Amino acid sequence: MASSLRKHLPLLLLALVTALGAAACGSGSGPKAVPPGAIAIVGDKPIPKADFDQLLTQAQKNFEAQNQEFPKAGTPEYESVKTTIVNGLVQQAEWEQEGETMGIKVTDQEVQKQLDTLKQQFFQGDEDKYKAELEKAGLTDKQVRQQLRAKLLSDKIQKAVLGKVKVTDAAIQTYYTNHKGDYKQPESRDVRHILVKTKVLADKLYNQIKGGADFARLARKYSQDTASKADGGKFTAYQGKTVAPFDKFVFDAQKGDLSRPIKTEFGWHIIEILSDIKPASTTPLKDVKETIRSTLLQQRQKAALTQWTKDVEEKYKDEVAYAPGFAPAPAQSSTTTG
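Here the structure is a predicted model, which means the values were calculated and not measured.

Here we come to the nonpolar core. One finds Ile-39, Ile-47 and Phe-52 to be the most contacted residues of the largest nonpolar core, which totals 42 residues. Among the secondary structure elements, those contributing two or more residues to this core are β1 (38–42), α4 (49–65), α5 (76–102), α6 (108–123), α7 (127–137), α8 (141–163), α14 (285–316) and β9 (320–322). Ranked by the residues each element gives to this core, the list is headed by α5, at eight residues. The contact partners of Ile-39, leaving out residues within four places of it in the chain, are Val-34, Ile-47, Lys-49, Phe-52, Val-86, Leu-89, Tyr-322, Ala-323 and Phe-326. Core analysis: the next-biggest nonpolar cluster, separate from the first, contains eleven residues, Leu-205, Tyr-206, Ile-209 and Ala-219 among them.

The structure is reproduced here in structure tokens:
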């Protein structure tokens, strides 16, 4: 469990990069100069180089823990790691300022509660084991608390944005009307079957059933169809939803009919028809209303989070400046010259 925490803690801050989508990159210039000892400034908030160094060290330790060589400085792989860290720190600075604007705060008590939960989860509350793990990870208690604070702030912002998303009954009705084909069920009937690999065994079981043997008992013992085996081979077959030879017998036969062994790509089937054909139907709105509500809510929440992130990026794009060597690389052009 201790190694799990070592992997978990360094990612708390880096996870902010993907919490709502692509991290903000800014324009690479801004009205304020980057102060000494900082890698960037976002609005009025400088990002200390010590924060970058800390996360870079943690990234190195993560590579080592997974027996992977850390990329050498100057390589594309190293630049990718560096950019990920810088982008995460820039986004964190943007979110901290947005959180203040939204009136969202993270208290010391909330940080302590989260830290206590981690200590209990990974170390059963043993403080000495916690400190020993921090030493292995190259972390201090203060750094852990900073990362937990950033994660809690991210969670609160997301919750605030998601809380504004609503799905009305009218929207559900519209979705149902526009997707009615998704809720149509073809003709169906109840059947039971036994699936085996060889015709020899299929013939043997067929003769036993014709002689009065219990179909369900034989299905539970011999059938290779794990989906229906426990129910004695019983299931509801929908027209057009099973392989062609199976489907043809099921919807051509009469109630009570027993098939001779039928060959399909899955093996040999013995099928018994248990019910009359049930007509095609459409699942009523009341039966799928909450499922639709959940689908629409997820779609709209994702859209809201994406838009919120874009709005924040746009708001701060002219307020981000980088120290030399830390600005994100310009986007590659797809235009080629002849």
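Below, the discussion takes up the layout of surface pockets. Computed from the structure, the largest pocket encloses a volume of approximately 440 Å³. Around the largest pocket, the lining comprises 23 residues; the ones closest to its centre are Lys-45, Gln-92, Glu-96, Gln-146 and Ala-150. Elements represented by at least two residues in the lining of the largest pocket include exactly β2 (45–48), α4, α5 and α8. Among the residues forming the lining of the largest pocket, the class breakdown is eleven nonpolar, six polar and six charged.

Turning to unusual backbone geometry, a few remarks are in order. Even without being glycine, Asn-67 reaches a positive phi, approximately 55 degrees. Tracing the sequence through the fold places Asn-67 in the loop between α4 and α5. Taking the relative accessible area as the measure of exposure, Asn-67 reaches 75% and is therefore exposed. In this structure, Gln-124 is a non-glycine residue whose phi angle is positive, near 55 degrees. Following the sequence through the fold, Gln-124 ends up in the loop between α6 and α7.

Scoring rules and cut-offs
- Residues numbered from 1 in each chain as written.
- Predicted model: local features only at pLDDT ≥ 70, side-chain atom pairs only at ≥ 80, totals over all residues.
- Heavy atoms only, no water.
- Core = buried A, V, L, I, M, F, W, Y, C linked by side-chain atoms within 4.5 Å.
- Buried < 20%, exposed > 50% of the residue type's maximum accessible area, 1.4 Å probe, protein only.
- Helix = DSSP H or I, 4+ residues; strand = E, 2+ residues; numbered from the N terminus.
- Contact = heavy atoms within 4.5 Å.
- 1 Å grid on protein atoms, 1.4 Å probe; cavity = no way out; pocket = protein on both sides within 12 Å on 5 of 7 lines; lining within 4 Å.
- Points joined across faces, edges and corners; volume = space filled by probe spheres on them.
- Nonpolar A, V, L, I, M, F, W, Y, C, P; charged D, E, K, R; others polar.

Geometric descriptors of this kind do not, in isolation, establish any biological role.
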